[in-house]
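Below are the chains, spelled out letter by letter.
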Amino acid sequence: MAKLLDETAAGVFTIAATPFLPDGTLDPASIDSMVDFYEDKGATGLTILGIMGEAGKLSAEESDIVIARVTARATVPIVVGVSAPGLAAIKALADSAMDKGAAGVMVAPPGHLRTDDQIIGYFQMVADTLGKTPWVVQDFPLVTGVQMTPKVIRAIFDSCPTAVMLKHEDWPGLDKITTLRAQEASGARRIAILCGNGGQFLLEEVLRGADGAMTGFAYPEMMADVVRLVKAGDEGRARDLFDAYLPLIRYESQPGLGLSIRKHILAQRGAIAHPTVRRPGPALSAGTLAEIETLIRRQTAKLASLG
C-alpha cells in the first residue's frame, strides 16, 4: 500500500501534464515516459489531474485510466486533483484514486463561495465526504476567485485533521506564508506548504518557510535544485541557478499559452512523444517557437557558465 500523504511532505510534487497522441486521444506510453522523466529530474511526488493536467478535458473513464497508469508506474507519492462542483463527484474520484494507490487528493474551493464562514463550512463538508483520505487545500484565488486569508486557512486546518497540506498559489502571497508559519510557531498544528505559481516566486517562497513546490515547469530539475540548495543554506547558489531559468519561467507563464509551451519543450526533451494540447487549445506560432529556442539556448549557456 502506498504511503499516505501527511504533514511531512516536502520537496517537489511536480504538476504532471497529461500526454495525448496527435489525434487527441490519451497516450499511455508517454504517461510512463513522463513519470520516469519527472522522477529522474528530482520529483519527490507527482500531482495529476490538475488544471495544467487538462483535467477538465478528460472524461471520467479517461481520468481513471490516467490515475491507474501513473500510480502503477510511479515510485513517489501521487496526489490526484478531485475538485468538482458537487461533493458526490469529489468522493467518487477520490475513492477511485485511493483504491488505485494514490497518497492523497487535492480540492479547490468552488467559485461561488464568498464569506469566510462559507469557505470554512465548505471544506468541513469536504473533510466529512472524504473520510480518512488525506487531502490538500488548494488556494488559487487567481483562478477560483475565492480569497482565503491566513485566519481562514488556519480555521480549515484546525477543524479538518485529514487536511495535511496547503497548495499555496496566491499572488502576491509571500506574506501569507510568513503568517501561517508564525501561527505555527505560536502553537498551531504544522502543515506542509508546497507552492504553485509556475515557480515564479519559488526561491522567495522557500525562504519564507514553504516546504517546496507543487507546480510544473518544462525543466522540473530547476525546482528540485532550488529547493535543495535553499534548504542546505546555499542561498547564493540557489539564486544564481534560479536566475538562469527565470527568463523561460516567465515566458512559460503566459496565460492560455503556457501549457502549449511546456508540452512543446517536454516533447523536445523526450519526456512525452507529442506536444499535443487537447482541443480547445492554442497552437504555437513560428515566432513563438523561435523565441522558445532562443531562451533555451541562452539558458543552456548560462547554466554551463555556472558549472
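See the structure above.
These lines cover the structure that appears in this document, whether it is placed above or below. On a predicted model such as this, the values are computed, not experimentally measured, just so you know.

Considering the pattern of salt bridges
Here's step 1: Under the defined criterion, the tally for this structure stands at 23 salt bridges.
Here's step 2: In this structure, Arg-154 and Asp-158 form a salt bridge, with 3.2 Å as the shortest nitrogen-oxygen distance. Taken as a pair, Arg-154 and Asp-158 lie in helix H6 (residues 150-159) at a separation of 4 residues, close to a single helical turn.
Here's step 3: For Arg-154, a relative accessible area of 7% gives the class buried.
Here's step 4: Between Glu-235 and Arg-239 there is a salt bridge; the shortest N-O distance is 2.9 Å. Placement of both Glu-235 and Arg-239 in helix H10 (residues 235-252) is noted, with a separation of 4 residues, approximately one turn of the helix.
Here's step 5: Connected through salt bridges with shared partners, the residues Arg-154, Asp-158, Arg-181, Glu-184, Arg-190 and Asp-211 form a single ionic network.

Focus: the environment of Thr-276
Here's step 1: Following the sequence through the fold, Thr-276 ends up in the loop between helix H11 (258-268) and helix H12 (286-306).
Here's step 2: Sequence separation between Thr-276 and Ala-89 is 187 residues, and the spatial gap between their C-alpha atoms is 27 Å.
Here's step 3: Leaving out residues up to four positions away in the same chain, Thr-276 has contacts with Phe-20, Leu-21, Pro-22, Glu-54 and Lys-263.

What about the sheet that holds strand E2 (residues 45-48)?
Here's step 1: Strand order around the closed barrel formed by 8 strands is E1-E2-E3-E4-E5-E6-E7-E8, with parallel pairing between neighbours.
Here's step 2: In this sheet, strand E4 (residues 104-107) lies alongside strand E3 (residues 78-81) in parallel orientation, the contact comprising 3 bridges. Paired with Gly-81 across the two strands is Met-106, which belongs to E4.

Calculation rules
Residues numbered from 1 in each chain as written. Predicted model: local features only at pLDDT ≥ 70, side-chain atom pairs only at ≥ 80, totals over all residues. Heavy atoms only, no water. Salt bridge = Lys/Arg side-chain N within 4 Å of Asp/Glu carboxyl O. Helix = DSSP H or I, 4+ residues; strand = E, 2+ residues; numbered from the N terminus. Buried < 20%, exposed > 50% of the residue type's maximum accessible area, 1.4 Å probe, protein only. Contact = heavy atoms within 4.5 Å. Pairing = 2+ DSSP bridges.

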